[in-house]
Amino acid sequence: MSEKLILELYERVATLENKVTALEVFLETQANDTSKCNVKPIGEVKGKYRLLSDYLVSNDKNIVVLKFSDIEDILQEKLPPSARKHRENWSNTQTLSIPRAWLNVGYRSVEVDMRNEVVKFEKANSAKEGNLTMSKYEPLGKYLERTGHNQVSLSFSEIENILGFELIESLKKHPMTWYGVAEKSPTHVWKKVWCAYGYEVKTVDLDAKKVVFYKVKGVAI
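Residues numbered from 1 in each chain as written. Predicted model: local features only at pLDDT ≥ 70, side-chain atom pairs only at ≥ 80, totals over all residues. Heavy atoms only, no water.

A short note on the pattern of salt bridges
Formally: Basic side-chain nitrogens of Lys or Arg form a salt bridge, by our definition, when they fall within 4 Å of a carboxyl oxygen of Asp or Glu. To qualify as a helix, a DSSP run of H or I must reach at least 4 residues; to qualify as a strand, a run of E must reach at least 2; elements of each kind are numbered from the N terminus. To sort residues, take the accessible area from a 1.4 Å probe on protein chains only and compare it with the maximum for the residue type: under 20% means buried, over 50% means exposed, and anything in between is partly exposed.
Tallied over the full model, the rule gives twelve salt bridges. A salt bridge links Arg84 to Glu117; its shortest N-O distance comes to 2.9 Å. Placement of the pair is Arg84 in helix 4 (residues 82-85) and Glu117 in the loop between strand 2 (107-113) and strand 3 (118-123), with a sequence separation of 33 residues. Of the charged contacts, one joins Glu138 and Lys142 as a salt bridge, the two residues approaching to 3.8 Å between their closest N and O atoms. Placement of both Glu138 and Lys142 in helix 6 (residues 138-147) is noted, with a separation of four residues, approximately one turn of the helix. Look at Lys142 and you get buried, because its relative accessible area is 11%.

Structure follows, in structure tokens:
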């Protein structure tokens, strides 16, 4: 394959990536637009998991940590078997009935330990103001921050477990979709998150399906 053809293909991929990025930024903006927010007065929250919504509202803390058994006590019934088998049941999506219980009252699940059956909820408005809007990629930024390490190596599967959903194909196939430095205000939604938490990606191994995040010195978080 000629160098000219390779360059043309790369330009097409870059154009497609830009379009995907623009769409994702638009969707993230819509999801975080307070004028269109799905947070509801507690009196308007419905569904079988309403008691969990009531608990979070009455608790009124920025961080709430609950065991699955605690949630069952709150609900006065058992969680469905899938809640203990699939991490996706604890992701922040309005398409599932369980997440709506916390999303509708302004909380997000930010950590889920499936082995020990523990979930951490955080008030959406307690995110770092000025650095990033609430994003589905934020659990990764929080994970990196908690480690405090100058270098954090994670496999794609580990990242997916932290996020609670599968990585998009471009992140699995194109190293450039990971690269970006905090000083240049990266445009990709996912890059903004880890850069906001003081990390950058400089090493991507697609064969090993692994990414190395590096802590940036002097970046205020």
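Structural notes on the sheet that holds strand 4 (residues 151-155)
Quick note on the threshold: The rule for pairing is simple: two strands pair if DSSP sees at least two bridges between them. In this analysis, axes come from line fits to C-alpha atoms, helices being fitted only over the stretch in contact, and the angle between any two N-to-C directions falls in the range 0 to 180 degrees. Note on contacts: a residue pair is in contact if any heavy atoms of the two residues lie within 4.5 Å.
Read across the sheet, three strands follow the order 4-6-5 without closing on themselves; strand pairing throughout is antiparallel. Two strands in the sheet have a free side with no partner beyond their single neighbour: strand 4 and strand 5 (199-205). When the angles between neighbouring strand axes are averaged without regard to direction, this sheet yields 25°. Pairing analysis gives five bridges linking strand 4 to strand 6 (residues 210-215), with the strands arranged antiparallel. Bridge pairing links Gln151 to Tyr214 in strand 6. On top of the sheet, helix 6 reaches strand 4, strand 5 and strand 6; it is set at about 135° to strand 4, its chief contact. Sitting on the sheet, helix 7 (residues 156-163) touches strand 4 and strand 6, and the angle it makes with strand 4 is about 95°.

Concerning the pairing of strand 3
Where strand 1 (residues 63-67) meets strand 3, five bridges bridge the pair, whose relative direction is antiparallel. Across the sheet, residue Val65 finds its bridge partner in strand 3, namely Lys120. As paired strands, strand 2 and strand 3 are joined by six bridges and run antiparallel to one another. If you follow Tyr107 over to strand 3, its bridge partner there is Lys123. The antiparallel hairpin formed by strand 2 and strand 3 contains four residues in its connecting segment, where Glu117 sits at a positive phi of about 55°.

A word on empty space enclosed by the protein
In plain terms, the rule: The definitions used throughout rest on a 1 Å grid laid over the protein atoms alone, on which a cavity is an enclosed set of points accommodating a 1.4 Å probe that cannot get out and a pocket is an open set flanked by protein within 12 Å on both sides along at least five of seven lines; lining residues are those having an atom within 4 Å of a point. Grid points are joined across faces, edges and corners, and a volume is the space filled by probe spheres set on the points. Each residue gets one of three labels, nonpolar for Ala, Val, Leu, Ile, Met, Phe, Trp, Tyr, Cys and Pro, charged for Asp, Glu, Lys and Arg, and polar for the others, Gly among them.
According to the stated counting rule, one finds one cavity of 30 Å³ or more in the structure shown. In this structure, the largest cavity is lined by Tyr137, Leu140, Ile159, Leu163, Leu167, Leu171, Trp178, Trp190 and Trp194. Put simply, the parts of the chain that give the lining of the largest cavity at least two residues each are helix 7 and helix 9 (189-196). Partitioning the lining of the largest cavity into residue classes produces nine nonpolar, no polar and no charged.

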